[in-house]
Amino acid sequence: MIRFGRDAAPSRHGVAPTWMLRPRDHGDPHAPELSAQKTVLLRAVARRGLPGIVEASLIPAAIFVLTNASFGARFAMIAVLVWGCASITFRRCRGRAVPALVLVGLAALTLRTLVGVISGSTFAYFAQPVATTAAIATVLVGSVLIGRPLVARIAHDFCPISPDVAAKPAVTALFAGLTALWAGAQVLTAAATLTLLLTVDTPLFVIVKPIITMSISATAVAITVTWALRIAHREELVFTHVG
């Protein structure tokens with residue numbers, strides 16, 4: 001069975017992980033079983049991913065809808081930006097590291113807000129993430145083509161992996177496949193977002209978009225976990241406590 005420490009946390013958040021994916025030690029009688037439980041890993045990923053989804057998607061959507069209803073679109077755009085800045089400030093005050101991708105996202109949100117406030121156009125405000133998502137998909141595909149899949153760089157945020165495991169041919173092939181998978185998810189998200197933007201009004205768009213994008217992401221996560229567990233089982237990889 002795959003086992004997780006209760007206080008496991010990613011090293012990039014300022015806390016060393018208490019578990020890591022490593023090759024199975026056949027000489028260790030206490031080594032975990034190889035019968036990896038999909039639901040256990042899904043729960044672990046959810047514990048680490050859901051707070052980010054709530055912080056980056058659900059709360060901003062609620063802020064926009066409520067502020068837009070009371071004060072108008074411009075104030076709603078500004079309120080979402082204030083929330084983004086406040087969430088990062090809160091992380092720093094608690095001594096938690098802020099990933100570079102979060103800072104890039106805040107910079108993109110700042111530019112998006114400026115364009116939306118100056119133009120007064122909600123279409124311009126919401127259309128920018130479509131272009132950004134398409135650009136991310138392009139970067140993901142490009143990283144696979146040059147032999148440096150981006151999933152290999154960010155996998156440790158969700159699953160600490162020992163260097164010898166990361167160097168295995170099957171694992172590097174997995175990283176390439178998962179990078180392509182997430183590129184496809186980004187393209188699908190961009191297409192769904194643009195379709196909604198062109199067909200429904202703003203309040204409904206703000207409510208429906210997170211539901212659709214989270215559904216796409218949840219499907220991609222489920223495929224990712226299933227695929228990764230299959231490789232882990234075939235390569236005899238297990239989660240073991242560090243230290």
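Look up: the structure comes first, before these words.
What this report covers is the structure whose coordinates are included nearby.

Rules used in this analysis
- What you see as residue numbers is a count from 1 along each chain, following the sequence as written.
- Owing to the predicted nature of the model, reporting of local features is limited to residues with pLDDT of at least 70; listing and counting of side-chain atom pairs is limited to 80 or more, with chain, interface and lining totals taken over all residues.
- As a convention, hydrogens and water are excluded, and side-chain values are obtained from all of the structure's heavy atoms.
- Numbering of helices and strands starts at the N terminus; helices are DSSP runs of H or I of at least 4 residues and strands are runs of E of at least 2.
- The criterion used for residue contact is that any of the two residues' heavy atoms lie within 4.5 Å.
- Using a 1.4 Å probe, the Shrake-Rupley method yields the accessible areas, and only the shown protein chains count as cover for residues.
- Classification of ring pairs uses Phe, Tyr and Trp, with its six-membered ring standing for Trp, and accepts pairs whose centres are within 6.5 Å; under 30 degrees between planes counts as stacked, over 60 as edge-to-face, and the remaining range as tilted.
- Summary of the burial criterion: residues with accessible area below 20% of their type's maximum are buried, those above 50% are exposed, and those between are partly exposed, where the area comes from a 1.4 Å probe applied to protein chains only.
- Under the rule applied, a polar contact is a pair of N or O atoms within 3.5 Å (in protein, one hydrogen donor and one hydrogen acceptor; residues adjacent in sequence only if both atoms are side-chain atoms).

**Describing the overall build of the protein**
1) Next: Helix and strand content of the protein: 8 helices and 2 strands.
2) Next: In the protein, the succession of helices and strands from N to C terminus is β-α-α-α-α-α-α-α-α-β.
3) Next: In the protein, the proportion of contacts linking residues at least 24 apart, taken out of those at least 6 apart, comes to 74%.
4) Next: Accessible surface, the protein: about 13500 Å² in total, of which carbon and sulfur atoms supply 68%.

**Examining the packing of aromatic side chains**
1) Next: In this structure the tally under the stated criterion is 5 aromatic pairs.
2) Next: Measuring from ring centre to ring centre gives 5.9 Å for Phe64 and Tyr125, while their planes differ by 15°; the resulting arrangement is stacked. One end of the pair, Phe64, is in helix H1 (residues 38-71); the other, Tyr125, is in helix H4 (residues 122-145), and 61 residues separate them in sequence. With respect to burial, Phe64 and Tyr125 carry one shared label: buried.
3) Next: Note on Phe64 and Phe126: the rings are 5.2 Å apart at their centroids and 65° apart in plane angle, and the pair reads as edge-to-face. One end of the pair, Phe64, is in helix H1; the other, Phe126, is in helix H4, with 62 residues separating them in the sequence.

**Describing the environment of Thr89**
1) Next: Locating Thr89 in the fold gives a position in helix H2 (residues 73-93).
2) Next: Polar contacts involving the side chain of Thr89 include one to the main-chain carbonyl oxygen of Cys85, which spans 2.9 Å.

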